[in-house]
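Close look at the chain arrangement
This is what each chain is made of:
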Amino acid sequence: MSGFFRVPPPINEPVLSYAPGTPERAELKAALERMRGEEIEIPLVIGGREIRTGVTHPVHAPHDHGLRLATCHEGGAEEARRAIANAVEAQREWASWRWEDRAAIFLKAAELLSTTWRARLNAATMLGQSKNAYQSEIDAACEIIDFFRFGAHFAERVFTEQPVSEKGVWNRTDYRPLEGFVYAVSPFNFTAIGANLAGIPALVGCGVLWKPSRSAVLSGYHTYKLLEEAGLPPGVVNFVPGNPSAITAAALGSRDFAGLHFTGSTEVFQSLWRQVGNNIASYRSYPRLVGETGGKDFILAHPSADGDAVRTAIVRGAFEYQGQKCSAASRAYLPASLWRRIRDDLAAETESLPVGDPLDFRNFVHAVIDRRAFDSITGYIARADADPNAEVVAGGRYSDADGFFIRPTIIRAHSPGHETMCEEIFGPVISVFVYPDAEWERTLRLVDETSPYALTGAVFSQDRSRVREALDTLRNAAGNFYINDKPTGAVVGQQPFGGGRASGTNDKAGSAANIARWLSPRSIKENLVPATRYEYPYMGEA
Ligand code: NAD
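For clarity, every value in this text was computed on a predicted model and none was experimentally measured. (Residues numbered from 1 in each chain as written. Predicted model: local features only at pLDDT ≥ 70, side-chain atom pairs only at ≥ 80, totals over all residues. Heavy atoms only, no water.)

Let's talk about the site of the ligand
- Around the ligand sit 26 residues, and of these Ser186, Lys211, Ser265, Thr293 and Glu424 come closest.
- The side chain of Glu424 places a nitrogen or oxygen atom 2.7 Å from an oxygen atom of the ligand.
- The fraction of the free accessible surface of the ligand (840 Å²) that becomes covered by protein chains is 85%.
- Listed by contribution, the elements that provide at least two residues to the shell around the ligand are helix 8 (244-252), strand 10 (257-263) and helix 9 (266-278).
- When residues are assigned to domains, the shell around the ligand turns out to be shared by domain 1 (25-36 + 44-293 + 504-525) and domain 2 (297-483), each giving three or more. (Near = heavy atom within 4 Å. Polar contact = N/O pair within 3.5 Å; in protein donor to acceptor, adjacent residues only side chain to side chain. Areas by Shrake-Rupley, 256 points an atom, 1.4 Å probe, with all protein chains shown as cover. Helix = DSSP H or I, 4+ residues; strand = E, 2+ residues; numbered from the N terminus. Domains from an automatic or database assignment.)

Topic: the pairing of strand 18 (residues 429-435)
- Among the 7 residues of strand 18, 7 are classified as buried, and the element is accordingly described as predominantly covered.
- Judged by which residues are buried, strand 18 turns out to be covered on both faces: Val429, Ser431, Phe433 and Tyr435 on one side and Ile430, Val432 and Val434 on the other are all buried.
- By the bridge criterion, 5 bridges tie strand 13 (residues 329-335) to strand 18 in an arrangement that is parallel. Each bridged residue has a counterpart across the sheet, and for Arg331 the counterpart in strand 18 is Ser431. (Buried < 20%, exposed > 50% of the residue type's maximum accessible area, 1.4 Å probe, protein only. Pairing = 2+ DSSP bridges.)

Focus: the sheet that holds strand 1 (residues 40-42)
- Read across the sheet, 3 strands follow the order 1-5-4 without closing on themselves; strand pairing throughout is mixed. Bordering the open sheet on either side are strand 1 and strand 4 (56-61), each of which pairs with just one other strand. Across the sheet, the axes of successive neighbouring strands diverge by a mean angle of 40°, strand direction being ignored.
- Those strands touched by helix 7 (residues 217-230) are strand 1, strand 4 and strand 5 (64-73), and its axis lies near 75° from that of strand 1. (Axes fitted to C-alpha atoms, helices over the stretch in contact; angles between N-to-C directions. Contact = heavy atoms within 4.5 Å.)

Observations concerning the environment of Phe433
- Along the chain, Phe433 turns up in strand 18.
- Here the alpha-carbon distance between Phe433 and Glu100, two residues 333 residues apart in the chain, equals 52 Å.
- Excluding its chain neighbours within four sequence positions, the residues that come into contact with Phe433 are Ala332, Tyr333, Leu334, Ala413, His414, Ser415, Pro416, Met421 and Leu446.

Side note on the pairing of strand 17 (residues 409-413)
- Counted residue by residue, strand 17 has 4 buried out of 5 residues, so it is predominantly covered.
- Relative to strand 17, strand 14 (residues 390-394) is paired through 4 bridges, and the arrangement is antiparallel. Directly across from Ala390, in strand 17, lies its bridge partner Ala413.
- Bridge count for strand 17 against strand 18 is 4 bridges, and the pairing is parallel.

Considerations on the sheet that holds strand 18
- Read from one edge of the open sheet, 7 strands run 14-17-18-13-12-20-21, paired in mixed fashion. If you trace the sheet from one side to the other, it starts and ends with strand 14 and strand 21 (480-483), each paired once. Averaged over all pairs of adjacent strands, the angle between strand axes in this sheet comes to 20°, irrespective of strand direction.
- Pairing between strand 12 (residues 297-301) and strand 20 (residues 456-460): 4 bridges, direction parallel. Across the sheet, Ala301 pairs through a bridge with Phe460, a residue of strand 20.
- Lying over the sheet, helix 15 (residues 464-473) contacts strand 20 and strand 21, oriented at roughly 170° with respect to strand 21.

Details of a nonpolar patch on the surface
- Together, Tyr534, Tyr536, Tyr538 and Met539 make up an exposed nonpolar region whose accessible area comes to about 590 Å².
- Here Tyr538 is to be found in the segment after strand 23 (519-527).
- Accessibility expressed as a relative area gives 68% for Tyr538, which makes it exposed. (Patch = residues over 30% accessible without salt bridge, like charges linked within 9 Å, V, L, I, M, F, W, Y side chains within 5 Å. Salt bridge = Lys/Arg side-chain N within 4 Å of Asp/Glu carboxyl O.)

Let's talk about the domain arrangement of the chain
- Domain parsing of the chain yields domain 1 (25-36 + 44-293 + 504-525) and domain 2 (297-483).
- At the junction of the two partners, domain 1 supplies 26 residues and domain 2 supplies 28 residues.
- When domain 1 packs against domain 2, close to 2,200 Å² is buried across both sides, 61% of that on carbon and sulfur atoms.
- Counting the contacts that link domain 1 with domain 2 gives 0 salt bridges.
- Seen at the junction of domain 1 and domain 2, the total is 13 residue pairs in polar contact (both at pLDDT 80 or more).
- When contributions to the side of domain 1 that touches domain 2 are tallied by element, the ones reaching two or more residues are helix 1 (23-36), strand 5, helix 4 (118-129) and helix 5 (133-160).
- No other element matches helix 1, which puts 5 residues into the side of domain 1 that touches domain 2.
- In terms of residue class, the side of domain 1 that touches domain 2 is made up of 9 nonpolar, 11 polar and 6 charged. (Buried area = accessible area lost by both parts, 1.4 Å probe. Nonpolar A, V, L, I, M, F, W, Y, C, P; charged D, E, K, R; others polar.)

Right under this line is the structure:
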């Protein structure tokens, strides 16, 4: 087959509403009913073969301890080594495919997800990660579809970038996938992140060992099955849930380790980076390390800000998906005049948010992911409650009787260095510091210097010169910066996502820059008419 093919121009997948009476709502409810009534077995999948290790853990719904959704087999070092051997072997053929053929598989996966698989992935995400229909739709349906469609488009753009050629010479760039395998390690909070971490290196020709999060293994498994259904050859992506340290030690200890595609906490990423450093002399190539990690995302309001807009940004930005988005607003800096204007409404609105089972579509906030998260988040609330330097303004109540429920909570911290203003809490908790109206410049510096992270941040102001000051002073304080908007909800192709400082390598998920990380270009020079004598003209006699 000959031709320069172009993938269909990508457009963001429309978000379905799930409003009463819509067909998508009926289909989703049916899928939820079906899935909550079946307890499946989740195997590892290595080289296309299902592996049952017999070492298992139960998968429960975070909002309903009594609901057992699956039994998951766990892998260790031995399974990781088998997965690596399969990834390396499968890559030999996979890397030689025309890139359009590889892209076609991911475009097909996107199309299946847009149609017949949509309810299945949404239901798995709602049940396994306690998301409501909307939060699941923007993650497990739309964002995965966008990652794959835009991924194919960005790959095309990268491959099209070719060098100039002088007379008599033809220069080309061969975009080779990394030699070896990519280790993809995904977090619990977005189904789409697992699909992206494993899928994008595979799209450009790498073999992948994918270790999903234990707390998102149900949706992870269905994502793997989607890729299989779309025609991904066996062994290109190997699905290996299991013991994180053992799998990681085997992956990072392999000579063929070529890249890490990680999203999760800063602490874990730093520990992986250290292991890579210790093993550096043993690898075939210098591995690419891409990691998107924690955040302490801010909302900063100027006295000129619109109070309703700030209140809504806090409620949506801090509490949607229980604040378990890396981009969730978790510290706010509000001028005293604005605080006086919005405090009561903000507290009342927060108190009114419906909390409960995501299968009851009237709810807005659901359970946090697991016992460890519940204990850690409620620890912050309990300490703030007992601290004269802080005040719980709304929420502050929690229960783990049926599921891990924590009411959306606003803490007013009387000191900008309070732990709730500095540390990533990763739950439905926002800490507010009220500053004197006259101290805008000082507060800008405070926002910049308070946290080691730099993921997302938002400034609210009706005064353009203050917006400009914030853009300038906070230039390195956030990789995704919002003006008069909440700091969550980045869309692939529109706001490429990632942060700097301790928040990650900022390789921007869903962008051409990320694609380039999984490629090792080869420059090819072809001399069309080669020289046949060594002498240069300057050597001639005058
Ligand atoms: P986590 O760090 O606990 O886990 C992430 C992954 O690392 C999981 O697959 C886990 O099994 C694995 N892991 C855990 N311990 C390990 C170890 N010792 N060795 C090897 N692997 C190990 O993170 P999480 O709780 O799943 O996710 C929440 C974190 O992820 C938050 O810090 C959040 O900010 C961050 N996050 C960041 C982004 C971003 O784009 N910047 C996006 C989503 C989540």
